[in-house]
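Examining the three-dimensional arrangement
Residue-level listing of the chains:
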Amino acid sequence: MNQKRILVTGGTGFIGSHLCKKLIDMGHYVICLDNNFTGSLKNINELIIDSNKGKSNFEFIRHDITQPILLEVDEIYHLACPASPKAYQYNSIKTIKTNILGTLNSLGIAKRTKAKILLTSTSEIYGDPLISPQNEEYWGNVNPIGVRSCYDEGKRVAETLMIEYKRNHNVDIRIARIFNTYGPKMNRDDGRVVSNFINQILDNKDITIYGDGSQTRSFCYINDMVEGLIKLMDSEKYIGPINLGNPHEITIKNLANKIKDLIIESSSKITYQDLPQDDPTKRKPDIDKAIRNLRWNPLIDLEEGLNSTINYFKMIR
Ligand code: UDP
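Described in the following lines is the structure provided in the data block. (Residues numbered from 1 in each chain as written. Predicted model: local features only at pLDDT ≥ 70, side-chain atom pairs only at ≥ 80, totals over all residues. Heavy atoms only, no water.)

1. Side note on the overall build of the protein chain
Helices and strands together make up the secondary structure of the protein chain, namely 10 helices and 13 strands. Its C-alpha atoms give the protein chain a radius of gyration of 19 Å, within 12% of the compact-globule value 20 Å for 317 residues. Seen through its principal axes, the protein chain has C-alpha atoms that stretch 55 × 45 × 40 Å. Evaluated residue by residue, the protein chain yields a buried proportion of 54% over its 317 residues. With the model as given, the accessible surface of the protein chain reaches about 14300 Å², and the carbon-plus-sulfur share is 49%. (Helix = DSSP H or I, 4+ residues; strand = E, 2+ residues; numbered from the N terminus. Rg over C-alpha atoms; globule rule 2.2 N^0.38 Å. Buried < 20%, exposed > 50% of the residue type's maximum accessible area, 1.4 Å probe, protein only. Areas by Shrake-Rupley, 256 points an atom, 1.4 Å probe, with all protein chains shown as cover.)

This is how it looks when you write it as structure tokens:
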């Protein structure tokens, strides 16, 4: 195997930490970079222990990617950015800086070292979509001055920066548009729907549905997502933007009932709260391009993925 030096920005986060582990298991040398704003050293604990014992090719650098850094690498997975609405709205200007300066700094490393660079963009660039499912040709319906725009517009600019570095400097880029992803190591307090519902039901607390629960999302299990990201990076021809997500669409109300059925023993009741501003009414990826170009298809169904996520949250209590 050809061992590569791979930088993962946002490497202590939910998706980043799973990606670091997988790349190490594949035999690569991984540099994990994070400021731990939403990520946590707990997520990479086993990787740090193994590397201290000389058993894994892993190092962690505590650094904020809005500041330049000089590193020598072959590939960059640029994930760094808070991704849950609660986290990215907490310091919205910082979120924009992370998307713009963080992407510029990552692209700077790629240009200087001739590394391949993959940006994790998001389904949020489609805003509150007027078509469903969303395919990559759709330009989106984004409010430029709403509470979500620091993230939505930030990621849109990040995509623009990627494509301009390709046009101007021939940097070898990949762009993935990640749809809702869930699984073990999600942050239990980040306010996202899967972690909220599971923990509310395990704690016998009210289940907080925002709005009437008729809005839809399509949830992809973490292992499938990591597979998709690596396949995109490794793909010779296809650079994206490409949707990665599970097309199985479900209403938020049905999701609440499904998680309640899986946990069984709980006295939690559904409650309804105000719908946050600009909350998309539907979201479902068209993944035809990923199937054809990457030979990638999510394999883990919602029930199986929810069960392992529930077990994770039971374990860390
Ligand atoms: N949601 C909810 N209750 C919660 C958390 C979220 O009803 O406790 C809804 C939220 O309004 C949205 C969907 O679940 O319609 C997904 O929210 P999340 O924050 O997980 O991600 P998003 O897809 O909105 O970025």
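Next comes the rest of the write-up.
2. Description of the sheet that holds strand β2 (residues 29-34)
With parallel pairing, the 7 strands of this open sheet are ordered in space as β3-β2-β1-β4-β5-β6-β11. The open sheet has two free edges, formed respectively by β3 (58-62) and β11 (242-244), since each of these has just one partner strand. Adjacent strand axes in the sheet meet at a mean angle of 20° when their direction is disregarded. Where strand β1 (residues 5-9) meets β2, 5 bridges bridge the pair, whose relative direction is parallel. By the bridge assignment, Arg 5 is partnered in β2 with Tyr 29. (Pairing = 2+ DSSP bridges. Axes fitted to C-alpha atoms, helices over the stretch in contact; angles between N-to-C directions.)

3. Describing the environment of Leu 306
Along the chain, Leu 306 turns up in helix α10 (residues 302-315). Counting along the chain gives 47 residues from Leu 306 to Ile 259, while the straight-line C-alpha distance between them is 7.3 Å.

4. Points about the site of the ligand
Not every one of the 18 residues close to the ligand is listed here, only the nearest: Thr 208, Tyr 210, Arg 217, Asp 279 and Arg 283. Side-chain polar atom of Asn 196 to an oxygen atom of the ligand: 2.8 Å apart, as the coordinates give it. Between Thr 208 and the ligand, the recorded distance is 2.6 Å, taken from a backbone N or O atom to a nitrogen atom. Expressed as a share of its isolated accessible area of 520 Å², the protein-covered part of the ligand is 96%. Secondary-structure elements contributing two or more residues to the shell around the ligand are α6 (193-202) and β8 (207-210). (Near = heavy atom within 4 Å. Polar contact = N/O pair within 3.5 Å; in protein donor to acceptor, adjacent residues only side chain to side chain.)

5. A look at the nonpolar core
Judged by nonpolar contacts, the single largest core of 57 residues is most densely connected at Tyr 77, Val 194, Phe 197, Phe 219, Leu 229, Leu 255 and Ile 259. Here the element with the most residues in this core is helix α7 (residues 222-234); it accounts for 7 residues. Not counting chain neighbours up to four residues away, the residues in contact with Val 194 comprise Tyr 182, Met 186, Phe 219, Leu 255, Ile 259, Leu 306 and Thr 309. Core analysis: the second largest hydrophobic core is formed by 23 residues, Ile 31, Val 73, Ile 76 and Ile 173 among them. (Core = buried A, V, L, I, M, F, W, Y, C linked by side-chain atoms within 4.5 Å. Contact = heavy atoms within 4.5 Å.)

6. A short note on unusual backbone geometry
In this structure, Pro 133 follows Ser 132 across a cis peptide bond, with omega equal to -5°. By secondary structure assignment, the location of Pro 133 is in the loop between β5 (116-122) and α5 (149-169). Note that the residue after Gly 240, namely Pro 241, is joined by a cis bond; omega there is 0°. Looking at the element boundaries, Pro 241 is found in the loop between α7 and β11. One non-glycine residue, Lys 114, adopts positive backbone phi at about 60°.

7. Side note on the pairing of β3
The two faces of the sheet receive side chains in turn, since in a regular strand these alternate between them. Note that β2 and β3 share 5 bridges and pair parallel. Across the sheet, the residue bridging to Asp 34 is Arg 62, located in β3. Crossover handedness for the path β2 to helix α2 (residues 45-52) to β3: right-handed. (Right-handed = clockwise from strand over helix to strand, strands pointing away.)

8. Topic: the packing of helix α1 (residues 14-25) against α7
The geometry of α1 relative to α7 is characterised by a closest axis approach of 10 Å and an angle of 65° between their N-to-C directions. Our pair here, α1 against α7, has a crossing hand that is right-handed. Residue-level inspection shows Phe 14, Ile 15, His 18, Leu 19, Lys 22 and Leu 23 of α1 in contact with α7, the latter providing Ile 222, Met 225, Val 226, Glu 227, Leu 229 and Ile 230. Class assignment of the residues belonging to the contact of α1 with α7 gives a composition of 9 nonpolar, 1 polar and 2 charged. (Left-handed = near helix turned anticlockwise from the far one by under 90°. Nonpolar A, V, L, I, M, F, W, Y, C, P; charged D, E, K, R; others polar.)

9. With respect to the pattern of salt bridges
Scanning the model with the defined rule gives 21 salt bridges in all. Among the ionic pairs, Glu 227 bridges to Lys 22, the shortest N-O distance being 3.3 Å. Of the two residues, Glu 227 sits in helix α7 while Lys 22 sits in helix α1, which places them 205 residues apart along the sequence. A residue is classified by how much of its surface remains accessible, and Glu 227, at 34% relative accessible area, is partly exposed. Given the relative accessible area of 31%, Lys 22 is considered partly exposed. One salt bridge in this structure joins Asp 288 and Arg 292, with 3.2 Å as the shortest N-O distance. (Salt bridge = Lys/Arg side-chain N within 4 Å of Asp/Glu carboxyl O.)

Limitation: the analysis is restricted to geometry and does not speak to function.
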